[in-house]
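Overview (structure and organization)
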Amino acid sequence: MIKSIIFDWFGVCTKEFRKILSEELYKKFGINKKLVIKSYVKYEFPFILRKINSKKVLSNMFKEFHINKNVNDYAYIFKSKPKLRKDVFKLIKKLKANYKTALLSDNFDDMTKTIRKSLYLKRYFDLVVFSNEVGLVKRENKVYKFIIKKLEDKPKECVFIDDKKENIERAGRLGINGILFKNIKQVRTELAKSGVKI
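Residues numbered from 1 in each chain as written. Predicted model: local features only at pLDDT ≥ 70, side-chain atom pairs only at ≥ 80, totals over all residues. Heavy atoms only, no water.

**Things to note about a positive patch on the surface**
Cut-off, in case you're wondering: Here the term patch refers to residues with relative accessible area over 30% and no salt bridge, with like charges joined within 9 Å and nonpolar side chains (Val, Leu, Ile, Met, Phe, Trp, Tyr) within 5 Å. Here the Shrake-Rupley method, with its probe set to 1.4 Å, supplies the accessible areas, and only the displayed protein chains count as covering residues. What counts as a salt bridge is simple: a side-chain nitrogen of Lys or Arg found within 4 Å of a carboxyl oxygen of Asp or Glu. For the purpose of counting charges, residues Lys and Arg are taken to be positive, whereas Asp and Glu are taken to be negative. His and the chain ends are not included. Lys charges are placed at NZ, Arg charges at CZ, Asp charges at CG and Glu charges at CD. Secondary structure elements are taken from DSSP: a helix is a run of H or I of four residues or more, a strand is a run of E of two residues or more, and numbering for both begins at the N terminus.
A cluster of basic residues, K55, K79, K113 and K117, forms a positive patch on the protein surface. Positionally, K117 belongs in helix 6 (residues 109–118).

Dropping the structure here:
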């Protein structure tokens, strides 16, 4: 029996941050989006663990692309409130009436501050776990064990919704049910198959 549903932030609740960054740098400087993502990924791991900040990430990327601009002028990319997927939040709110809901996100300081200021998270989630705040990331097993312990559930009693196959597989190896996010209709269908009442 499912007791808790865990949602990812980037790529599920809102657009994937890699896409947000690549689209913005393409608009400003005409840099190929794939190259932007390739560059960003090199700094993503220390970034979401608070080992470097957004200015350092941009500074490194600007050097790589030979952009002679002040990084402070582009800090807004990391701080701007992303457009929320209303259909996802509508679903979360419905689920919260009968299940525990949680947010599990590889995230960074500027964005988590924006999220906490602009969105009353308790309205949607019983538990919020941001990588930059707990020092754990989704590419490691520890974060899944951590959230299961916090939820006080068994892995088989949880469903994890994420847009990255590798995260779903890693959580699955620990016994957590996974749904690879494609669209809201598909998520609702798969939740129903898991016995979740919406």
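**Structural notes on the environment of D110**
Spelled out, the test is: Residues count as neighbours in contact if any of their non-hydrogen atoms are within 4.5 Å of one another.
Within the fold, D110 resides in helix 6. Separated by 46 residues in the primary sequence, D110 and E64 place their C-alpha atoms 23 Å from one another. With residues up to four places along the chain from it excluded, the contact list for D110 reads S54, F78 and K79.

**Remarks on unusual backbone geometry**
Defined as follows: Accessibility here uses a 1.4 Å probe with only protein chains present; expressed as a share of the type maximum, an area under 20% marks a residue as buried, one over 50% as exposed, and anything in between as partly exposed.
Backbone geometry at H66 places phi at a positive 55 degrees, although glycine is not the residue there. The exposed category is assigned to H66, whose relative accessible area is 73%. Despite not being glycine, E152 shows a phi value in the positive range, around 60 degrees. With respect to the helices and strands, the residue E152 is situated in the loop between helix 8 (142–151) and strand 4 (158–162).

**Quick look at the packing of helix 2 (residues 33–48) against helix 3 (residues 54–64)**
Keep this limit in mind: A fitted line through C-alpha atoms serves as each axis, taken over the contacting stretch for helices, and the angle formed by two N-to-C directions is quoted from 0 to 180°. Angle categories are assigned with fixed cut-offs, so that under 35 degrees is roughly parallel, over 145 is roughly antiparallel, 65 to 115 is roughly perpendicular, and the rest are oblique. Each crossing gets its handedness from the near helix: less than a right angle anticlockwise from the far helix is left-handed, clockwise is right-handed. Following the grouping adopted for this structure description, the nonpolar residues are Ala, Val, Leu, Ile, Met, Phe, Trp, Tyr, Cys and Pro, the charged ones are Asp, Glu, Lys and Arg, and the polar ones are all others, Gly among them.
Between helix 2 and helix 3, the shortest axis-to-axis distance is 10 Å and the interhelical angle comes to 150 degrees. Classified by the interaxial angle, the pair formed by helix 2 and helix 3 is roughly antiparallel. For helix 2 against helix 3, the interelement crossing comes out right-handed. Of the residues in helix 3, those in contact with V36, S39, Y40, K42, Y43 and F47 of helix 2 are S54, V57, N60, M61 and E64. Residue composition of the contact of helix 2 with helix 3, grouped by class: six nonpolar, three polar and two charged.

**Side note on the sheet that holds strand 4**
As a reminder of what qualifies: What makes two strands pair is DSSP finding at least two bridges between them.
The strand order across the open sheet formed by five strands is 3-2-1-4-5, and the pairing between neighbours is parallel. Every other strand in the sheet has two partners, leaving strand 3 (127–130) and strand 5 (177–180) as the edge strands with one partner each. With strand direction ignored, the average angle separating the axes of adjacent strands in the sheet is 20 degrees. Here strand 1 (residues 4–7) runs beside strand 2 (residues 100–105); their pairing, made up of four bridges, is parallel. When the bridges of strand 2 are listed, F7 appears paired with L103. Most of the contacts of helix 10 (residues 184–193) go to strand 5, to which it runs at about 160 degrees, and overall it touches strand 1, strand 4 and strand 5.

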